[in-house]
Protein chains: 2
Amino acid sequence: MKDRPSRATGRPTLAQVAARAGVSQITASRALRSIATVDPQLATRVHDAAKALAYVPNPAARTLASARSHSILVLVPALSNHLFIETLEAIQDVLRPRGFEVLIGNYHYRQDEEEELIRNYLSHQPCGILLTGFNRSETAARLLANAGVPCVYMMELRQEEGIVCVGFSQEAAGAKVAEHLLSRGRRKLAFVGAQLDARVLQRRDGYQQAIARAGLPPAFEIMTPEPSSVELGGDLFNRLLKEHPNTDGIFFCNDDLAFGASFEALRKGVAIPEQISVVGFNDLPGAGQMVPRLTSVRTPRATIGQHAASSLLSLLCGETPEVTALDLGFKLMVRESS
Amino acid sequence: MKDRPSRATGRPTLAQVAARAGVSQITASRALRSIATVDPQLATRVHDAAKALAYVPNPAARTLASARSHSILVLVPALSNHLFIETLEAIQDVLRPRGFEVLIGNYHYRQDEEEELIRNYLSHQPCGILLTGFNRSETAARLLANAGVPCVYMMELRQEEGIVCVGFSQEAAGAKVAEHLLSRGRRKLAFVGAQLDARVLQRRDGYQQAIARAGLPPAFEIMTPEPSSVELGGDLFNRLLKEHPNTDGIFFCNDDLAFGASFEALRKGVAIPEQISVVGFNDLPGAGQMVPRLTSVRTPRATIGQHAASSLLSLLCGETPEVTALDLGFKLMVRESS
DNA sequence: ATGAAAGCGCTAACAC
DNA sequence: GTGTTAGCGCTTTCAT
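From a predicted model like this one, the values you see are computed outputs, not experimental measurements. (Residues numbered from 1 in each chain as written. Chains lettered and ligands numbered in written order. Predicted model: local features only at pLDDT ≥ 70, side-chain atom pairs only at ≥ 80, totals over all residues. Heavy atoms only, no water.)

What to know about the overall build of chain A
Okay, step 1: Along its length, chain A carries 13 helices and twelve strands.
Okay, step 2: Over its C-alpha trace chain A gives a radius of gyration of 25 Å, far above what one expects of a compact globule, namely 20 Å for 338 residues.
Okay, step 3: Summarising its shape, the C-alpha atoms of chain A cover approximately 80 × 45 × 35 Å along the three principal directions.
Okay, step 4: When burial is assessed residue by residue, chain A has 54% of its 338 residues classed as buried.
Okay, step 5: Partitioning the intrachain contacts of chain A with sequence separation of at least 6 by distance along the chain shows that 69% fall at a separation of at least 24.
Okay, step 6: Accessible area for chain A stands at about 14900 Å²; split by element, carbon and sulfur atoms hold 51% of it.
Okay, step 7: The centroid of the 36 positive side-chain charges in chain A is displaced by 6 Å from the centroid of its 35 negative side-chain charges. (Helix = DSSP H or I, 4+ residues; strand = E, 2+ residues; numbered from the N terminus. Rg over C-alpha atoms; globule rule 2.2 N^0.38 Å. Buried < 20%, exposed > 50% of the residue type's maximum accessible area, 1.4 Å probe, protein only. Contact = heavy atoms within 4.5 Å. Areas by Shrake-Rupley, 256 points an atom, 1.4 Å probe, with all protein chains shown as cover. Lys, Arg positive; Asp, Glu negative; His and termini not counted. Charge placed at Lys NZ, Arg CZ, Asp CG, Glu CD.)

Dropping the structure here:
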């Protein structure tokens, strides 16, 4: 297009900004990165020059010189789940305005894929990584440790020196659901789980443990590794009622399953019987609101993303977040009245 | 961690690979990039050396030296819509194995946000851009043109020299829905639209035009700029039937709206009356399968992503795709029998 | 607090 | 076909 040497970008460089401001390159660099050790007056001149030239820093040069990029890698197990979409959006909302570039990696709930993503993206020298949970391959964990890149773990909690995590206790959430059902006099409980990632299993464990503490027999479990979906919820609901017709309380590991069950009941012309309580785990926005008599565990999606991003920023500033485990609670939304 | 000069990454460099293979740096570079002008024997030596050292190229250095990165920017209007998630996945499946890094930008159906994303990401010197549709600000279009980066447009078609696009005609899809309803004897048609992005309006236009061609009065329209959702579908369906109780055919611009309408009908204890035909535009996977008597327009999501990515690769190789507009058709899935 | 010099790791340009 | 040289644009290091 332009007749310039093919090596150059044609964009204004830091040298040009510095020249225009009458300072050295390095002073311009420091001023633009708002490093304290620069005279405020010079800094203003530099900023004016940069604005006049419409200067935009070259990220590649910056990364090459400093051996650290401004990109932050976020690894999530799925994009088909609104939980992660909303978390991602919240993360971007925090990081993008501060000049960070958010790289999204979806590993489809597969350890080998997560490992591969980590391997690839580490070559880009990200300045921070946000991870989902703790369930990953040893190789992946070792890659992360060796890279020495600040990490924040989302969605699960672990009290351990040097670990920064933001989320809530999946076990506690499961236990709370059990207590809710028991407090309503339900005694023949069931658990319906799909996907079976680490967090689903933790919710199941917390649920069963609370039931055991109450001195009751364990909940009947229907589990399938298939991905969770509305359709699957209907199928599993049918199967459950066929195998255990006197079930009176069901915990679906995700809201889309619970929604599918409700829909399936409606489709047959019968709403879910009064005597059955259904609890879902909040994932499906909008749709959840429509379902009558469905209790939901409300998780702080956006909040987790926002806090995770903020915690990472603290780490990048060299601060060690005082609370290594930021506990963001969930709450039970009882809709049975509707 | 390691006691190395803080400037260096500590990772093996091309120079080390070259030394080990007994060739010059540039030969190693050419060999690893599979540029033809290198002796096959030397190339093997270089590859062996690279493997032995576990060499991974430094993308920052590469980008700085060549003024072009290996990242490809994909701009989508939303992540809350499965259509775009699946398209993104397909794109990544094509590009990642070939060494490209996929950058995702979500502009929330906002022109100013898309413009901002383009401005930011262009500084990373992407080697290609995938865009959704043609409806963007003039500034954004100018930025793209000036950057001289190969672009491929998705989801809409435009026959124009130098424009590469992959998708289907939204107007034709709308027309096909109208013809379907008319062929079943429906005469009191309605259109229910939310979100109101360019493509929704194009579908509406095609629908109304086909109705006009048939010599019938225009379909009643219920339109809202709110984002499309299952819940909203129920609301709009109620509103439509209150205002026009004798409607006998409805085209919902998205499947989630159509699904919500069906659900709302079931919730009231009445399935959607036999005499009303409902057509949705395929967006909501899984859920759509559950709805009885719902016709759906099936769009080639994954296929569009895959073809768009491939077309971009052709452009990058200097090939001008012979067909400037790859026409990926949609089809009507009639489910009314179920 | 500011600057000069060197260098990050790679590829374009040009010679051979 | 291969190598030499220079340079991409920035930041670190070290001197002042």
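Focus on unusual backbone geometry
Residue and element names in this part refer to chain B.
Okay, step 1: Although it is not a glycine, Met155 adopts a positive phi angle of roughly 80 degrees.
Okay, step 2: The backbone phi angle of Gln195 is positive, close to 70 degrees, even though this residue is not glycine.
Okay, step 3: On the secondary structure map, Gln195 appears in the loop between β6 (189-194) and α9 (198-213).

Some points on the relation of the copies chain B and chain A
Okay, step 1: Mapping chain B onto chain A is achieved by rotating through 180 degrees and translating by 0.0 Å along the same axis, at an RMSD of 0.1 Å. Such a turn and shift between the copies fits a two-fold axis. Minimal C-alpha separation from the rotation axis in chain B is found for B:Ala60, amounting to 2.3 Å.
Okay, step 2: A shared binding surface is used by both copies, with 100% of the interface residues of chain B retained as interface residues in chain A. (Least-squares fit on C-alpha atoms with pLDDT ≥ 70 in both.)

Comments concerning the protein's contact with DNA strand D
Okay, step 1: Taken together, 29 residues are adjacent to DNA strand D, and A:Leu14, A:Ile26, A:Ser29, A:Tyr55 and B:Asp39 come closest.
Okay, step 2: Each atom of DNA strand D within 4 Å of the protein was classed as base or backbone; sugar and phosphate made up 56%.
Okay, step 3: Here a base nitrogen of DNA strand D and a backbone polar atom of A:Ala61 are 3.5 Å apart.
Okay, step 4: Counting only elements with at least two residues in the surface near DNA strand D, the list comes to α2 (25-32) and α4 (59-66) of chain A together with α2 (25-32) and α4 (59-66) of chain B.
Okay, step 5: No other element matches the four residues that α4(A) contributes to the surface near DNA strand D.
Okay, step 6: For the surface near DNA strand D, the per-class residue count stands at 13 nonpolar, ten polar and six charged. (Near = heavy atom within 4 Å. Polar contact = N/O pair within 3.5 Å; in protein donor to acceptor, adjacent residues only side chain to side chain. Nonpolar A, V, L, I, M, F, W, Y, C, P; charged D, E, K, R; others polar.)

So, the nonpolar core
Okay, step 1: Counting residues in each nonpolar core, the largest one holds 142 residues, and the members touching the most others are A:Tyr207 and B:Tyr207.
Okay, step 2: With residues near it in sequence (within four places) discarded, A:Tyr207 still touches A:Gly174, A:Ala175, A:Val177, A:Ala178, A:Leu181, A:Leu189, A:Ala190, A:Phe191, A:Ala219, A:Gly249, A:Ile250 and A:Phe251.
Okay, step 3: Counting 40 residues, the second largest nonpolar core, distinct from the first, contains A:Leu144, A:Ala325, B:Tyr107 and B:Val149. (Core = buried A, V, L, I, M, F, W, Y, C linked by side-chain atoms within 4.5 Å.)

Considering the UniProt feature "domain: HTH lacI-type" (unreviewed entry) in chain A
Okay, step 1: Within the UniProt annotation, "domain: HTH lacI-type" (unreviewed entry) is assigned to residues 12-66 of chain A.
Okay, step 2: Between the end C-alpha atoms of residues 12-66 of chain A there is a gap of 20 Å, over a span that is 69% helix and 0% strand. (UniProt positions renumbered as here; feature names shortened; annotations may be inferred.)

Quick word on the sheet that holds strand β5 (residues 165-167) of chain A
All names here are of chain A.
Okay, step 1: One open sheet accounts for six strands, arranged β2-β1-β3-β4-β5-β11; its pairing is parallel. Edge positions in the sheet fall to β2 (101-106) and β11 (325-327), since each of these pairs with one other strand and no more. Across the sheet, the mean angle from the axis of one strand to that of its neighbour is 20 degrees, orientation sign disregarded.
Okay, step 2: Sheet analysis places strand β3 (residues 128-132) next to strand β4 (residues 151-155), joined by four bridges and oriented parallel. Note on β4: the bridge partner recorded for Ile129 is Cys151.
Okay, step 3: Against the sheet, helix α6 (residues 111-122) contacts β1 (71-76), β2 and β3, and its axis sits at roughly 150 degrees relative to β2. (Pairing = 2+ DSSP bridges. Axes fitted to C-alpha atoms, helices over the stretch in contact; angles between N-to-C directions.)

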